[in-house]
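# Geometric and topological summary
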Amino acid sequence: MSTLVPGIHHLTAVASDPQRNIDFYTGALGLRLVKLTVNFDDPSSYHLYYGDRSGSPGTLLTFFPHRGLPRGRTGAGQVTATALAVPASSLDFWRRRLDEFDVGHTDAGERFGETVVALEDPDGMPLELIGVEGLEADAENVFDGVVPAHSAVRRMHSVTMTVRSLDATSRLLTETLGMQASGAEGERTRYAMAQGGAGAMVDVRSGTDDPAGRRGAGIVHHVAWRTPDDESQITLRNDLASLAHNVTTVQERCYFRSIYFLEPGGVLFEIATDGPGMAIDESVEELGSALRLPPWFEGRREEIEKALPKVRLPGG
Ligand code: ZN
């Protein structure tokens with residue numbers, strides 16, 4: 001009884017200053033700001049989405065920025081690293097670019113045969129650039145912006161989560177979400193999702209004595225796995241509920257529909273539908289160029305805009 005999860009849908013983290021977040025992800029990392037909206041659960045704060053040219057599932061990094069929010073602590077019960085896939089041949093380009101932008105980085109060696117460059121975003125969120133062979137040719141939807149397409153980030157590579165004990169988390173990933181244990185290196189076990197390759201892997205670190213994480217800026221809020229449509233989402237929801245996971249009802253997120261639950265290691269998981277996608281309220285060309293609100297907040301647009309900090313958009 002398992003419904004296959006094809007891959008990662010998006011990852012959402014908490015940041016402090018929205019402008020610094022926009023400048024880093026669209027500047028140093030060259031991602032496209034694909035949606036400027038508000039936190040649907042708290043419209044006094046932005047929800048910033050970055051991704052590829054059209055904001056495809058699997059490329060989306062999203063942030064809730066709160067100015068002045070203190071840093072959290074990365075630790076057990078969290079996603080502890082977020083990896084982005086870049087063409088293997090572009091890693092030297094990336095080391096030089098990070099130097100130019102004064103972003104500290106370290107060569108973190110090889111992981112399952114791929115080279116890892118580790119860095120942090122301006123809030124201290126752990127990021128990794130992982131060089132993947134053959135990605136050069138995989139350029140269909142790449143955002144050809146400040147970073148030339150041949151070197152640009154292609155999509156998310158994988159996430160690393162840290163949990164105290166592997167067993168219950170492993171059972172959920174494999175038996176309920178249909179992932180397959182695909183390898184182990186030290187304290188790290190890798191699980192592969194149906195689509196395969198970069199964007200369809202999660203690494204679970206366990207048996208470490210890392211202290212528990214603490215919420216705050218630079219901390220991942222949740223990771224979302226893809227599901228093709230509403231029907232597959234309901235099937236998964238029923239599976240999760242029958243296993244006594246405390247799963248939410250389906251939430252309307254406009255660009256996708258979502259359910260949420262805590263996995264046994266303490267990490268908040270979301271299952272998000274592939275559709276309808278980022279182009280539902282603005283064209284692909286316009287993505288991220290203006291504040292978009294869900295229909296139920298449009299009547300309060302003036303009040304909401306006034307309360308939000310002003311930001312300078314890329315190219316603006
Ligand atoms: Zn989410």
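Refer to the structure above for everything that follows.
Right, let's walk through the structure included here. Small disclaimer: the values here were computed from a predicted structure and weren't measured.

A few words now on the coordination of the zinc ion. Within the protein, the atoms that donate to the zinc ion are His10 (NE2), His222 (NE2) and Glu270 (OE), at distances of 1.9 to 2.0 Å. The sequence pattern describing where the donors of the zinc ion fall on their chain is H-x211-H-x47-E. With His10 in strand β1 (residues 8-15) and Glu270 in strand β16 (residues 268-273), the pair connects residues that are 260 residues apart, well separated along the chain. Like His10, the residue Glu270 is buried in the burial classification.

Before going further, it helps to spend a moment on the packing of aromatic side chains. Evaluation of the coordinates by the stated rule reveals 11 aromatic pairs. Centroid distance Tyr49 to Phe256: 6.5 Å. Interplanar angle 55°. Geometry classified as tilted. Taken as a pair, Tyr49 in strand β3 (residues 42-51) and Phe256 in the loop between β14 (251-252) and β15 (257-262) lie far apart in primary sequence, 207 residues in all. Measuring from ring centre to ring centre gives 5.2 Å for Trp225 and Phe269, while their planes differ by 90°; the resulting arrangement is edge-to-face.

Quick look at the pairing of strand β13 (residues 219-227) now. Counting buried positions along β13 yields 8 of 9 residues, so the element is predominantly enclosed. Sheet analysis places β13 next to β16, joined by 5 bridges and oriented parallel. What sits directly across from Thr227, in β16, is Thr273.

Across all of its chains, the model carries 20 salt bridges by this definition. Of the charged contacts in the structure, one is a salt bridge between Glu252 and Arg257, with a shortest N-O distance of 3.3 Å. Judged by relative accessible area, which is 35%, Glu252 ranks as partly exposed. Glu298 is paired through a salt bridge with Arg301; the nearest N and O atoms lie 2.9 Å apart. Overall, Glu298 belongs to the partly exposed group, its relative accessible area being 35%. Arg301 sits in the partly exposed class, given a relative accessible area of 22%. Because the salt bridges share partners, they merge into one network encompassing Lys35, Asp281, Glu282 and Arg292.

On to the side chain of His10. Note on His10: relative accessible area 2%, which makes it buried. Engagement of the side chain of His10 in a polar contact is seen with the side chain of His9, the distance being 2.8 Å. Excluding residues that lie within four positions of it along the chain, His10 makes contacts with Leu60, Thr62, Met156, His222, Val223, Ala224, Phe256, Glu270 and Ala272.

The rules we used
- Residues numbered from 1 in each chain as written.
- Predicted model: local features only at pLDDT ≥ 70, side-chain atom pairs only at ≥ 80, totals over all residues.
- Heavy atoms only, no water.
- Donors = N, O, S within 2.8 Å, 3.2 Å for Na, K, Ca; no water.
- Helix = DSSP H or I, 4+ residues; strand = E, 2+ residues; numbered from the N terminus.
- Buried < 20%, exposed > 50% of the residue type's maximum accessible area, 1.4 Å probe, protein only.
- Phe/Tyr/Trp six-rings, centres within 6.5 Å; stacked < 30°, edge-to-face > 60°.
- Pairing = 2+ DSSP bridges.
- Salt bridge = Lys/Arg side-chain N within 4 Å of Asp/Glu carboxyl O.
- Polar contact = N/O pair within 3.5 Å; in protein donor to acceptor, adjacent residues only side chain to side chain.
- Contact = heavy atoms within 4.5 Å.

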